[in-house]
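Coordinate analysis (summary)
Below are the chains, spelled out letter by letter.
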Amino acid sequence: MGAVAAVMVGVAKTGVPGFGTLAVPLMVLAVGDARHSAGWLLPLLCVADLFAVAIYRRRAYARGLLVLLPWVLMGMGAGAVALGAPETFLRPTVGVIVIAMIGVRWLRLRQAAPFAAGAVAVAAPDSPPPSRQQSAVYGAAAGFATTIANAAGPIMNLYLLARRLPKDEFLGTGAWFFLIVNLCKLPVYAGHGLIDARSLAFDAVLLPAIVAGAVFGRWLLKRIRQETFERLVLALTVVASALLFLPRF
């Protein structure tokens, strides 16, 4: 289970964002405890982030990151405080936030370009980018979600989709964002006892799976169209959000 989760993380970082959040429930099954599984997964995320930054380091949309980071740090502070709350409350809260953002994005797309009968619009070329206020909401929500459940992926995917970034720039921006955020989370998780020698030994065994996933993700990205990429990201975001409501995960 841990190896499959690690492959999914690698694919998510270099190929199709969304698979990373699907790795969360698999890691819960591997570890047997939802709260500690977040700490066991975090170092793997950091390693995969390094691969993604190495590949896409020159493709990041720096301005979009700078707008988000102050709000992300605020959200992470709130998440660090909230880590003591019951998980049965925290994960559904993140799910509600993501579902609400999906609804807002859908409404924005409806206003920008009417739907064709029976079709699902993923992104409209003339859809307006997020305003400063909307970016603040995205950033704070992402910081909170990543701290309490490693679940910022769906929120960042929505933000980057709204920015209408090309595939490489989408992944490069996400790579830098998550590398910075996940490195900041390491001392928080260690302070809560979620990372220890046993978890790090487990993660070390899974490093080859991370590499395999990263290589496969890069191969896959070159073979899918921009429109297919966007539809797949949005579909996986919806699935990942639904998983947050399942008590076992």
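Residues numbered from 1 in each chain as written. Predicted model: local features only at pLDDT ≥ 70, side-chain atom pairs only at ≥ 80, totals over all residues. Heavy atoms only, no water.

**Considerations on the overall build of the chain**
Keep this limit in mind: The secondary structure listing takes helices from DSSP runs of H or I that are at least 4 residues long and strands from runs of E that are at least 2 residues long, numbered from the N terminus. The rule is simple: take the accessible area with a 1.4 Å probe, protein chains only, and divide by the maximum for that residue type; under 20% is buried, over 50% is exposed, in between is partly exposed. Any pair of residues with heavy atoms lying within 4.5 Å of one another is described as a contacting pair. Here the Shrake-Rupley method, with its probe set to 1.4 Å, supplies the accessible areas, and only the displayed protein chains count as covering residues.
Tallying secondary structure elements over the chain gives 11 helices and zero strands in all. The N-to-C order of helical and strand elements in the chain reads α-α-α-α-α-α-α-α-α-α-α. Taking all 249 residues of the chain together, the buried fraction comes to 51%. Considering only residue pairs separated by 6 or more positions, the chain has 81% of its internal contacts joining residues 24 or more positions apart. Total accessible area computed for the chain in this model is approximately 11000 Å², and 70% of it derives from carbon and sulfur atoms.

**Details of the packing of helix α4 (residues 62-82) against helix α6 (residues 132-149)**
We apply this condition: An axis is simply a line fitted to the C-alpha atoms; with a helix, the fit covers only the stretch in contact. Between two such axes, the angle follows the N-to-C directions and lies from 0 to 180 degrees. Left-handed describes a crossing in which the near helix is turned anticlockwise from the far one by less than a right angle; the clockwise case is right-handed. Ten residues, namely Ala, Val, Leu, Ile, Met, Phe, Trp, Tyr, Cys and Pro, are considered nonpolar, four, namely Asp, Glu, Lys and Arg, are considered charged, and the remaining ones, Gly among them, are considered polar.
At a minimum axis separation of 6 Å, α4 and α6 run at an interaxial angle of 35°. Seen along the crossing, α4 lies across α6 with a hand that is right-handed. Residues V67, L68, W71, V72, G75, M76, A78, G79, A80 and A82 of α4 touch α6, and the partners they reach there are S135, A136, Y138, G139, A140, G143, F144, T146, T147 and I148. A class-by-class count of the residues in the contact of α4 with α6 yields 13 nonpolar, seven polar and no charged.

**A word on the packing of aromatic side chains**
The condition that has to hold: Only the six-membered ring of Trp is used, alongside the rings of Phe and Tyr, when aromatic pairs are assigned; centres must lie within 6.5 Å, and planes under 30 degrees apart are stacked while those over 60 apart are edge-to-face, with the rest tilted.
For the structure on display, the rule yields five aromatic pairs. Judged by centre distance (5.0 Å) and plane angle (85°), the rings of F177 and F178 are edge-to-face.

**A short note on unusual backbone geometry**
Residue R164 is not a glycine yet carries a positive backbone phi of 60°. The residue R164 is located in the loop between α7 (153-162) and α8 (167-191) in this model.

**Some remarks on the nonpolar core**
Selection criterion: Nonpolar cores are built from buried Ala, Val, Leu, Ile, Met, Phe, Trp, Tyr and Cys residues. Side-chain atoms within 4.5 Å join them into one set.
Residues L68, Y138, I155, M156, F170 and F177 are the most contacted members of the largest nonpolar core, which totals 41 residues. Mapped by element, the contributors of at least two residues to this core are α4, α5 (87-112), α6, α7, α8, α10 (207-221) and α11 (226-243). The contacts of F170, once residues within four sequence positions are left out, are P17, N157, L160, L161, L165, F229 and V233. Formed by 20 residues, the second largest nonpolar core is a distinct cluster that contains A23, V24, A48 and L206.

Geometry only, nothing functional implied.
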